[in-house]
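# Residue-level structure breakdown
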Amino acid sequence: MLLIAIASCLCPAIYLAVGMLPTVWANARPHRMRGLAQGASLLAVGLAGLCLFGVATSRSTEATFLRANVGIELTLGVYVDPLAATMLLLITGLGWVVTRFAARYLDGEPSQGRFMKWMCLTLAAVLTLVISRNVLMFTCAWVLTSLSLHQLLTHYRDRPAALVSARKKFLISRFGDLALLIALILIGRTFGSFEYDVLFAQAGDLAKTADGGMTLAWIGFLYVLGAMTKSSQFPLHSWLPDTMETPTPVSALMHAGIINAGGFLVLRFSPLIVHSTWGLDFLALIGGVTAIFGAVVMLAQTSVKRSLAFSTIAQMGFMMLQCGLGAYPAALLHIVAHSCYKAHAFLSSGSVLEYAAARRAPLSLPTLSREKLLLASAAAAFAVTVVTPWIWRTSPIEKPGGVILLLVMFLAVTHLIQKISRVRDRICPPDALAAGLAVGTAYFGLYLMFDRWLGDSLARPTPDAHLRDYVLIALVSVGFLGVFWLQWMLDTPHGRFRLRGLYVHASRGFYLDLPLQRLVARVWKTQLTA
Amino acid sequence: MPLFTAARKGRILWDDLTTPVVLHSEFDLEQIVLDAQSAVPPVWPLQDYVAVNPFLGLSSRHFLDAGARLRRVRDVETLPSIEQLREIFQRGGFDQNDVAAVAIRWREERADDGISPPSAARLLAALNSEDDIESRGYTGVRSMAELLAETGGTDWSRIITNDLSSFCAAHFDDGQAAWPSPWKHLELFAAWLESSRIDQRLERLGISAFREFVTRLPSRPIDALRDLLTRSGVAPEHSRTLLDAQLASIAGWASFVRYRTQHLPEAQRINSDLAGLAAIRLAYDVALLLADIQPEMAIRFREQFETAGDDSAARPSQDELLRYGLLLAAEIGYQRRLLGQLSEASSESRGTRKSAQLVFCIDVRSEVIRRHLESIDDLVETFGFAGFFGLPFEYVELGADQGPAQCPVLLQPAFKVREAVEGASDDEAHRFVEKRARLRNWRLAWKSFQSSTFSCFSYVESLGLGYAVKLLTDSLGFTRPAPLSRFDGVPRRLHRQVGPVLQSACEQAIPLKRQVELARGILTNLGLTDGFARLVVLCGHGCETTNNPYRGGLDCGACGGHTGEANARLACRILNSSSVRELLAESGLRVPHDTWFVAGLHNTTIDEITLFDRHAIPASHATDVVALEVTLAQAGRLTRLERIGRMGASSAEDTFRRAKDWSEIRPEWGLAGNAAFVVGRRSLTRGTSLGGRTFLHSYDHRKDPDHKVLELIMTAPMVVTNWINLQYYASTVDNVAYGSGNKVLHNVVGQLGILEGNAGDLRTGLPWQSVHDGTRMQHDPLRLTVIIEAPRTAIDGILDKHANIRNLVENGWMYLAACESGQFYRRRADGTWAVAA
């Protein structure tokens, strides 16, 4: 047990040690610094693997290394449960990929040493966030993550656009910090402790009292706000697409590692947040809007990195939707899977021409009508959505948020089968069905795996049937059906012409970046730019 | 009549917009637009990336004056910085004697301008001090947006560039956006009108009623230009300058539009698009003028043309003269060493039949491996020849209908060649094509699943975890991020059989007569008409790099930014054909029966040479081939060893990693370092190391009595090397204007070009990482030195005939020297020749 505790706290410690090297020293010895960063990463991956193994065999670990009492007990310790262990391995793994990538990619940059230094410090901060065992540690790590990321975002200080985007993020992050700080104070006053175990144990009882319920609801809401700022939720997203003024590995780390911190926050504090039902509903609604907004804007982007950025916004929205609906295992699956996917997408963004060449095939005109194919595909997809959970003996519809997740799955499989049917010009050819089945099986299998893996370590919200929930589910469902219709329209030139107005606004991101652009210009007294 | 009156700031005023515009009608605006257009260099899309001379259209002026001309409208640098020159000097690129020789060279190059060169003492003082020399700053024309941006407030310059850039990206997008612009089929200007009638961005940023303004513009670009020129209030005689300035502020997309108006197949060209782009850009400026944000800036905008508009008065500044003098010194230094090496070269050995003759591309990277090949085996002879081997064709990949042009961009493909699987029956071939279509269609459907608005979430959740494995294997170099699609649908055992074919059942073949002409063309232009070895290898070249959007720039420029494999294989097939040889023999060009042509590909990243179509090689040549392959492998090893130093690599094997590593920012140096083009017999250059800095073209003037071959070399390969040289030169001296900036910020836009960072103009030219290794320049910005082994009279005759290349030589865009009976002569700007040391 102690071994796991030590291993987990060594992960950020190693990165911290490398990151504390002075910038001048690092810049003068880029090769040494590269070696150190990669070495630290490899070691951290090993340690994280150890933690995951430990947690898998002996469940969660807690340890306190330092203790101080200043009216309220302050501790320095670790809390490694399945959630933390998963995130540890994910982030250290990405850390290894990204530091290795940056070694050659930034070769010859005069400030490569500095870059590596701040990369290590950022990783150290995120890892501390993941293993922290009390709210104070969490909040400090949260702020430090954003401050060290700021150093990476302003790596090219001579690029005005880099400064603007970093400052946009800076403003939003400070807003998030404020939310977390107030939550921290509220927790201190309400519980008299910052320790997770105390909080999580007492939250249930506290929620039953009227006053306590109210406080918890506020705390939950504040955390939801904080999560929104970190995970670029609508309308606080506009800094993210503008961060391409920083080297590609930073984008990979940010989109795959750091941006998940918002989701992690909701999962980590789920025992508190579940008591804030309207906070969760708000989160679900914002998540749904973000998902749809991001995905629609993404469609109209013409540069590879901007497309990826809006895709991240959409994916984070969907993850938050899952969080808001209480589908925590699905949200964690989403975090892990999306991180791997997006890290790869960013790092391989130079291959976009090769990907395009691999998809270039002579066009054949389909003979079957689109409507017929759609109907057939929908029927097949319906069967898939029914059969594949059954393979795993699971019934997602009973799980929190199950209805929406099933609906989205159904629409996605319909789309997949329909697309393959289109290019084959056949109704539901075997490979389309096989693909649909494979996707469904993989999805529900993984969902079940994460559900079992998390076990009882996170709160399990019971789906209570409020009218509000039905309205929410109905709203989000209508949204997803709406984008399904949009996609259907975009298939033909005629449909694209009819939607030309929407196209222009979507390609401009619905102008939502402008207010923040103005605010930055005002705060830093710089030129307004866009 | 006032064009605007004072009113609320930011509000465009309309009072006069219904008045018919007559002011400019007496001008031949169409001609002005055409002139402006011809000064814009084209840029090719990334997949066909080739080097372009960024100073295209300026060669009728002297090199030094062209800078002043460009700086009328754009803040660019055309000379190396003093730091760069000091770096070359400190590295020993030139010495005090070279500096002393500047005065003479200056007068040779600029006979009549009356500017006296800086003294050698001043030049040396500038080299030896640490101080910056003072430059006078930018004095040219600024756009209204730039003028407003300089006053603080709103950065209109950046806003408008980003706005226009993202519109162009959407209009020309080649498949990035899943939701394409609904107006892609329209002309650029018409599409912009449609889109800008809806777009609220500029209004929200402060130009109110911009959409109404757009609605009232004439719909034809040329009419709109006339209207806007009038409304700008700029005096009509400055129209050309105004247009130049407007196009310069969106130079990258202007270049791309120029490519589309000139280099696309005829049917796809839209000639009005450049006028359209100018009109769009001007519309923004006129909107800003009429919006009356800062009236005093509007006045300044109009007045600046009086002072900055005229380029005849623009004289090079003192600091430019100083740096130009030092550039000359650096070039003198390089030429001194180069000529020293050439004159020391051993004399030609004749006699025994060679065991193998290898023909490489003129590319500078060929020089290194050729030298090592010859050093290993005396019986190996090498040649340099433009890497498309005289076959300008369109290469259509298996199962496709059209394909890229496998020839220099100065030429148009003359015929179409299809890729096929040799040895496969028609049935089989059909199956492969079908399989390929299925595979790629599957990927297409999959991509749609991955990126549609609602299925992207399920994609990530069901398959995203798989990318964990992919991240690992890609990082370790076991796999590459994107599939190599060249052999899609073809079983592995047949991969080597995929190539160009002369005959195919379903396709018209190249007529035999044409084949004979092509064959004769190759051999005579190469000067290989007798003394054939048993093996003649035609060796194209290509790079091997992963995750690199600029791969086209490392491939063969003579093959239109693609590898030279198809050209080499096709050429060998023609030359090995017995019927072709018979007809060749009838016309007196006898290729021995025991000579076999083998196609090869020089992988310039790892310096390995692969031979193709091994199965077709007669058994009698099997041992020759094996022996040759041993030599090739050895030469590759030596070449890699030589490259270690320059690559900053720890071992020669590091090159293999660089080819596969998806994070590698400098897979190879490409043509960086190029400085000279030597046309002549190999005896001139054999046995001496030219450091991978020279293009080499084989030429034997004794076999070319009427100088037809020389004319071809001087009008085609020489121009291409000049383009490449000037592209590297410009990307080094001003990477902001002529290069594509920092590669770690590159963002591929529309699957056709590069943005640096979030937005901004389309970037052209080479990334900084391609010319600089972080501590020193890997390309010294020197103008090309061309050395031709031929009689001076022959060279003069050709220059007289072709004004475009005479301009290049006489206006300082390149140096020309002749080698005649062992003596070198330098051509002066006045057309006379001076004996070179």
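The notes below deal with the structure included here. (Residues numbered from 1 in each chain as written. Chains lettered and ligands numbered in written order. Predicted model: local features only at pLDDT ≥ 70, side-chain atom pairs only at ≥ 80, totals over all residues. Heavy atoms only, no water.)

## Re the overall build of chain B
Secondary structure summary: chain B contains 32 helices and 17 strands in total. For a compact globule of 837 residues, the expected C-alpha radius of gyration is about 28 Å, and chain B comes in at 29 Å, within 12% of that figure. Over its C-alpha atoms, taken along the principal directions, chain B stretches across nearly 90 × 75 × 50 Å. Per-residue burial over chain B gives 63% buried out of 837 residues. Looking at chain B alone, contacts between residues at least 24 apart form 74% of all its contacts between residues at least 6 apart. Accessible area of chain B: about 30,400 Å², with a carbon and sulfur share of 53%. (Helix = DSSP H or I, 4+ residues; strand = E, 2+ residues; numbered from the N terminus. Rg over C-alpha atoms; globule rule 2.2 N^0.38 Å. Buried < 20%, exposed > 50% of the residue type's maximum accessible area, 1.4 Å probe, protein only. Contact = heavy atoms within 4.5 Å. Areas by Shrake-Rupley, 256 points an atom, 1.4 Å probe, with all protein chains shown as cover.)

## Some points on the interface of chain A and chain B
With 108 residues of chain A in contact, the opposing surface of chain B contributes 104 residues. Here chain A and chain B share an interface that buries about 9,300 Å² over both sides, 62% of which is from carbon and sulfur atoms. Where chain A meets chain B, there are seven salt bridges. Among the ionic pairs, Arg-508 of chain A bridges to Asp-199 of chain B, the shortest N-O distance being 2.6 Å. (Buried area = accessible area lost by both parts, 1.4 Å probe. Salt bridge = Lys/Arg side-chain N within 4 Å of Asp/Glu carboxyl O.)

## A closer look at the state of the cysteines
Per the stated rule, a full pass over the model turns up zero disulfides over all chains. Residue Cys-11 of chain A stays outside any disulfide, its sulfur separated by 5.4 Å from that of Cys-51 of chain A, the closest cysteine. (Disulfide = S-S within 2.5 Å.)

## Examining unusual backbone geometry
As a rule of thumb, non-glycine residues mostly have phi less than zero, and peptide bonds are mostly trans rather than cis. With an omega of -5°, the peptide bond between Phe-234 of chain A and Pro-235 of chain A qualifies as cis. Mapped onto the elements of the fold, Pro-235 of chain A is located in the loop between helix H9 (210–230) and helix H10 (248–256). The phi dihedral of His-707 of chain B falls on the positive side, at around 60°, and the residue is not glycine. Within the fold, His-707 of chain B resides in the loop between strand S11 (694–698) and helix H28 (708–715).

## Some thoughts on helix H19 (residues 426–451) of chain B
Since the α-helix turns once every 3.6 residues, residues separated by three or four places project in the same direction. Given a rise of 1.5 Å per residue, 26 residues ought to cover 38 Å, and the 37 Å separating the end C-alpha atoms of H19 of chain B matches this to within 8%. Inspection of H19 of chain B places Phe-432, Arg-436, Ala-437, Arg-440, Asn-441, Arg-443, Ala-445, Ser-448, Phe-449, Gln-450 and Ser-451 of chain B among the buried residues, and these make up the whole buried set. (Expected span 1.5 Å × (residues − 1).)

## Points about the nonpolar core
Within the largest apolar cluster, 392 residues are counted, with the highest numbers of intra-cluster contacts made by Tyr-223 and Leu-272 of chain A together with Trp-192 of chain B. If we ignore the near neighbours within four places in the chain, the residues touching Leu-272 of chain A are Ile-187, Phe-191, Leu-199, Phe-200, Ala-203, Leu-216, Ile-219 and Tyr-223 of chain A. Counting 36 residues, the second largest nonpolar core, distinct from the first, contains Leu-502, Leu-523, Leu-528 and Phe-597 of chain B. (Core = buried A, V, L, I, M, F, W, Y, C linked by side-chain atoms within 4.5 Å.)

## Details of the side chain of Arg-436 of chain B
Within the secondary structure layout, Arg-436 of chain B lies in helix H19. Beyond its immediate sequence surroundings of up to four residues, Arg-436 of chain B is in contact with Glu-397, Leu-398, Glu-419, Ser-485, Arg-486, Phe-487, Asp-488, Gly-489 and Val-490 of chain B.

## Some points on the sheet that holds strand S7 (residues 535–542) of chain B
Residues and elements named next belong to chain B. Spatially, the five strands line up as an open sheet ordered S2-S1-S7-S8-S9, and their pairing is mixed. On the outer flanks of this sheet lie strand S2 (380–384) and strand S9 (608–611), each paired with one strand and no other. Between one strand and the next, the sheet's axes are offset by a mean angle of 25°, whatever the strand orientation. For S7 and strand S8 (residues 596–603), the ladder comprises eight bridges, and the chain directions are parallel. Counted as the bridge partner of Gly-542 is Asn-603 from S8. Against the sheet, helix H24 (residues 565–576) engages S7 and S8, with an angle of about 175° to S8. (Pairing = 2+ DSSP bridges. Axes fitted to C-alpha atoms, helices over the stretch in contact; angles between N-to-C directions.)

## Quick word on the packing of helix H14 (residues 304–325) of chain A against helix H20 (residues 455–463) of chain B
One can describe the packing of H14 of chain A onto H20 of chain B by two numbers: an axis separation of 10 Å at closest approach and a directional angle of 75°. Classified by the angle between their axes, H14 of chain A and H20 of chain B sit roughly perpendicular to one another. Where H14 of chain A abuts H20 of chain B, its residues Ala-314, Gln-315, Phe-318 and Gln-322 of chain A lie against Cys-456, Phe-457, Val-460 and Glu-461 of chain B. (Parallel < 35°, antiparallel > 145°, perpendicular 65-115°, else oblique.)

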